[in-house]
Amino acid sequence: MNSEEVIVYMTALVAIGIIVIGIITSLFHSTLIVPIAVIGIILAAFVLLSKGDFSHKIESIEKLCFIITFIAIICSFILLYKPM
């Protein structure tokens, strides 16, 4: 197994871990964590579907996930600190 395949598998495992922890936290603590689980699902799908030139694709995925995460954090703060 070459180094690039190992990185793909490890990244996929991290994404799956994000999904599992996000779902467990959402069930037992707060629903504000749901966007993190959704981001993990999107990241896992992108990583598992990427074939070939992984390094260039992962940079595009990283930029997309950064934007999605930033939007999710903004939405979480809006929901957390909304006036009653």
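Rules used throughout
- Residues numbered from 1 in each chain as written.
- Predicted model: local features only at pLDDT ≥ 70, side-chain atom pairs only at ≥ 80, totals over all residues.
- Heavy atoms only, no water.
- Helix = DSSP H or I, 4+ residues; strand = E, 2+ residues; numbered from the N terminus.
- Buried < 20%, exposed > 50% of the residue type's maximum accessible area, 1.4 Å probe, protein only.
- Contact = heavy atoms within 4.5 Å.
- Expected span 1.5 Å × (residues − 1).
- Arc of directions from axis to C-beta.
- Core = buried A, V, L, I, M, F, W, Y, C linked by side-chain atoms within 4.5 Å.
- Patch = residues over 30% accessible without salt bridge, like charges linked within 9 Å, V, L, I, M, F, W, Y side chains within 5 Å.
- Areas by Shrake-Rupley, 256 points an atom, 1.4 Å probe, with all protein chains shown as cover.
- Salt bridge = Lys/Arg side-chain N within 4 Å of Asp/Glu carboxyl O.

K.L.:
I would appreciate a short explanation of the overall build of the protein chain in the present structure.
P.N.:
Check the secondary structure of the protein chain and you find three helices and zero strands. Listing the helices and strands of the protein chain from first to last along the sequence gives α-α-α. Taken over 84 residues, the protein chain has a buried fraction of 23%. Here the analysis covers contacts within the protein chain between residues at least 6 apart in sequence; of these, 53% occur between residues at least 24 apart.

K.L.:
Can you help me understand helix α2 (residues 34-49) in this one?
P.N.:
For the α-helix, the turn length of 3.6 residues means that residues three or four positions removed from each other point alike. Relative to the 22 Å expected for 16 residues at 1.5 Å per residue, α2 spans 23 Å between its end C-alpha atoms, a close match to the ideal helical length. Within α2, burial applies to Ala-37, Ile-39, Gly-40, Leu-43, Ala-44 and Val-47. Burial along α2 is one-sided: seen end-on, the buried residues are contained in an arc of 155 degrees.

K.L.:
What am I meant to see in the nonpolar core here?
P.N.:
Nonpolar side chains in soluble globular proteins generally cluster together in the buried interior. Core analysis: the largest hydrophobic core is formed by nine residues, namely Val-8, Ala-12, Ala-15, Ile-19, Leu-43, Ala-44, Val-47, Ile-61 and Cys-65. Breaking this core down by element, the ones donating at least two residues are α1 (3-28), α2 and α3 (54-80). It is α1 that contributes the most residues to this core, four residues altogether. Once you skip the residues sitting within four places of it in the chain, Ile-61 turns out to touch Leu-43, Phe-46 and Val-47.

K.L.:
Would you mind showing me how to read a nonpolar patch on the surface here?
P.N.:
On the surface, a nonpolar cluster with roughly 1000 Å² of combined accessible area is contributed by Val-6, Met-10, Leu-13, Ile-16, Val-20, Ile-21, Ile-23, Ile-24, Leu-27 and Phe-28. Inspection of the secondary structure assignment puts Val-20 in helix α1.

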